[in-house]
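Chain by chain, the residues:
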Amino acid sequence: GATALGLLAYAVGIEPYAIETIRLDIHVPRLPHAFDGYTIYQISDLHTSQIGRRERWLARKLESLPSADLIALTGDLVHTARGIASFLELAQSFKAHDGSYAIFGNSEHKNGVRPHQFAVTLEENGIIPLLNSHAILPRGGETIALVGVDDPVSDKDCMAQALNGVSQDICTFLLMHSPDSIA
């Protein structure tokens, strides 16, 4: 009884607010010189249902950070279809020189979320969905590839389709909600 109540309190009252900001400097051997110092903010597992304390904190945090070159939204952006409007409101605080790109997790494939319509809505709001597709990002005469796959847990991923047309010579970054699925 008490253990279950404690776990429920943690799951509802503490864990959703335990947002981490971690800075990682990563050495990428094939990264073109024009992308040296490139900054990517990765945001994942928001499970947005409303604009509450957590979402306001995240918006303030993003506004306080230096501008990113790219924002990578790596799935489970909304909890249910009711969270879409709130997520789009929160997304107004996402500012990046090369834009915001999104892939889906399992939450975008259940709870009333219509994935195709959500992808269209994201694009209409300036967020580029990469669902088994890619984007080539130019900078200073050089390029990198940003590859996104749809959710493997929902069996919606297709790596071959996402990589179709990406040269093996180009430095490539993969966005995937459950990266352990490729192991």
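Residues numbered from 1 in each chain as written. Predicted model: local features only at pLDDT ≥ 70, side-chain atom pairs only at ≥ 80, totals over all residues. Heavy atoms only, no water.

(A) How the structure looks around the pattern of salt bridges. Using the criterion set out here, one finds four salt bridges in the structure. Arginine 54 serves as the salt-bridge partner of glutamate 55, at 2.6 Å between the closest nitrogen and oxygen. Judged by its relative accessible area of 7%, glutamate 55 falls in the buried class. A salt bridge links arginine 139 to aspartate 69, with the nearest nitrogen and oxygen atoms 3.0 Å apart. Of this pair, arginine 139 sits in strand β5 (residues 133-139) while aspartate 69 is found in the loop between α2 (53-64) and β2 (70-74), placing the two residues 70 residues apart along the sequence. Connected via shared salt-bridge partners are Asp69, Asp98 and Arg139. (Salt bridge = Lys/Arg side-chain N within 4 Å of Asp/Glu carboxyl O. Buried < 20%, exposed > 50% of the residue type's maximum accessible area, 1.4 Å probe, protein only. Helix = DSSP H or I, 4+ residues; strand = E, 2+ residues; numbered from the N terminus.)

(B) Quick peek at the packing of aromatic side chains. Throughout the structure, instances matching the rule amount to four aromatic pairs. A centroid spacing of 5.2 Å and a plane angle of 65° characterise the contact between phenylalanine 35 and tyrosine 38, whose relative ring orientation is edge-to-face. For the pair phenylalanine 35 and tyrosine 38, one class covers both residues: buried. Ring geometry for phenylalanine 104 versus phenylalanine 118: centroids 5.5 Å apart, planes at 15°, classification stacked. You can see phenylalanine 104 sitting in the loop between β3 (100-103) and α4 (115-124) and its partner phenylalanine 118 sitting in helix α4, a full 14 residues away along the chain. When sorted by exposure, phenylalanine 104 lands in the same class as phenylalanine 118, which is buried. Each residue in the set Phe87, Phe94, Phe104 and Phe118 is aromatic and connected to the rest through ring pairs, giving one cluster. (Phe/Tyr/Trp six-rings, centres within 6.5 Å; stacked < 30°, edge-to-face > 60°.)

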